[in-house]
Amino acid sequence: MKRNEGERKTSWKQDPEGVKADILAVATSVFAESGFSGARIDEIIRRTKTSKRMIYYYFGDKSGLYARVLEAAYARLRQGEGQLDLQALPPLEALAKLAAFTFDFHRENPEYIRLITIENIHHGKHLKQSETIPKLNSQIITGLEDLCRRGVEDGTFRDDVDPLELHWTISAFCVFNISNRATFSHLYGDDLFTDAGQERLRARLVTMALDMVRVR
């Protein structure tokens, strides 16, 4: 047996969760770079310490691996939101914190945006096959519903705010900031994508989100 094959076998037996995490991390980069159709399992194998047999053992096939990559990407965002402890904050402050976090997360995770863009090209095919993703993403709507309810109760939120529309607006702002950066900066310059420009946009998003809900 070749040495690298022996190392892969030992790694799989000693640390299966580490092997799966390594595969997912590499697969995320490969899918984000090349899309679902362009990504090659052989390239993922080349960048990991595993084998094709292990990828298929853990994830079934290329579609299964891609679905797990999507699940992991959504989970990171939802986990980050869960750590904000918004329930402990007054509603307006909680919404400001959530909007700012969402902007920062998207800016710091461009691979997440590329994966979502790719999945939209495929009309949500892999997302529809996942039982995990809908459950993960229902959390943000449930959280915003609770936030809006608290805001109405303390008199800071209007009673006609739609949590789903609020989530859509925040997400749209953050996604466009990353997904269209190359074309927008080519057409209009890089001013908005400097650190100072991004800080201004982040503050603008927070103001916009608060304006959507605040009692006038």
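Residues numbered from 1 in each chain as written. Predicted model: local features only at pLDDT ≥ 70, side-chain atom pairs only at ≥ 80, totals over all residues. Heavy atoms only, no water.

Asks: Summarise empty space enclosed by the protein; cite the residues concerned and give the values.
Replies: Under the defined criterion, the tally for this structure stands at 1 cavity of 30 Å³ or more. Contributing elements (two or more residues each) for the lining of the largest cavity: helix 5 (62-82), helix 6 (91-108), helix 9 (132-153) and helix 10 (163-179). Here the lining of the largest cavity takes 3 residues from helix 10, the largest share from any one element. (1 Å grid on protein atoms, 1.4 Å probe; cavity = no way out; pocket = protein on both sides within 12 Å on 5 of 7 lines; lining within 4 Å. Points joined across faces, edges and corners; volume = space filled by probe spheres on them. Helix = DSSP H or I, 4+ residues; strand = E, 2+ residues; numbered from the N terminus.)

Asks: Outline helix 7 (residues 110-121), supporting the account with residue identities and numerical values.
Replies: The terminal C-alpha atoms of helix 7, which comprises 12 residues, lie 17 Å apart, in line with the 16 Å expected from a rise of 1.5 Å per residue. Within helix 7, the full set of buried residues consists of Tyr-112, Ile-113, Leu-115, Ile-116, Ile-118 and Glu-119. (Expected span 1.5 Å × (residues − 1). Buried < 20%, exposed > 50% of the residue type's maximum accessible area, 1.4 Å probe, protein only.)

Asks: Any chance you could break down the layout of surface pockets for me, citing the residues and the numbers?
Replies: Of the voids in this model, the largest pocket is the one considered here, and its volume is about 570 Å³. Along the walls of the largest pocket sit 20 residues, with Tyr-74, Tyr-112, Ile-116, Asn-137 and His-167 positioned nearest its centre. Looking at the lining of the largest pocket, the elements that each hand over two or more residues are helix 5, helix 7, helix 8 (125-128), helix 9 and helix 10. Here the residues of the lining of the largest pocket are counted per class, giving 11 nonpolar, 6 polar and 3 charged. Put simply, the second largest pocket is a space of about 240 Å³. Residue lining of the second largest pocket: 14 residues in total, with Glu-81, Leu-86, Gln-87, Gln-139 and Gly-143 positioned closest to the centre. Elements with a minimum of two residues in the lining of the second largest pocket: helix 5 and helix 9. When residues of the lining of the second largest pocket are assigned to their parent elements, the largest contribution, 7 residues, is made by helix 9. Residues belonging to the lining of the second largest pocket are distributed by class as follows: 5 nonpolar, 4 polar and 5 charged. (Nonpolar A, V, L, I, M, F, W, Y, C, P; charged D, E, K, R; others polar.)

Asks: Lay out the pattern of salt bridges with the relevant residues and their values.
Replies: Enumeration over the complete set of coordinates arrives at 13 salt bridges. The partner of Arg-68 in a salt bridge is Glu-71, and the shortest N-O contact between them spans 3.7 Å. Here Arg-68 pairs with Glu-71, and both are found in helix 5, just 3 residues apart, close to one helical turn. A relative accessible area of 14% places Glu-71 in the buried class. Across the salt bridge formed by Asp-104 and Arg-202, the nearest N and O atoms sit 2.8 Å from each other. With Asp-104 in helix 6 and Arg-202 in helix 12 (residues 195-213), the pair connects residues that are 98 residues apart, well separated along the chain. Residues participating in the shared-partner salt-bridge network are Glu-33, Glu-43, Arg-46 and Arg-47. (Salt bridge = Lys/Arg side-chain N within 4 Å of Asp/Glu carboxyl O.)

Asks: Describe the packing of helix 9 against helix 10, and please don't skip the residues or the numbers.
Replies: Axis separation between helix 9 and helix 10 bottoms out at 9 Å; the angle between their running directions is 115°. Relative to helix 10, helix 9 is oriented so that their crossing is right-handed. Within the contact between the two elements, helix 9 uses Ile-140, Ile-141, Leu-144, Glu-145 and Cys-148 and helix 10 uses Pro-163, Leu-164, Leu-166 and His-167. Considered class by class, the residues forming the contact of helix 9 with helix 10 number 7 nonpolar, 1 polar and 1 charged. (Axes fitted to C-alpha atoms, helices over the stretch in contact; angles between N-to-C directions. Left-handed = near helix turned anticlockwise from the far one by under 90°. Contact = heavy atoms within 4.5 Å.)

Geometric values such as these leave the question of function open.
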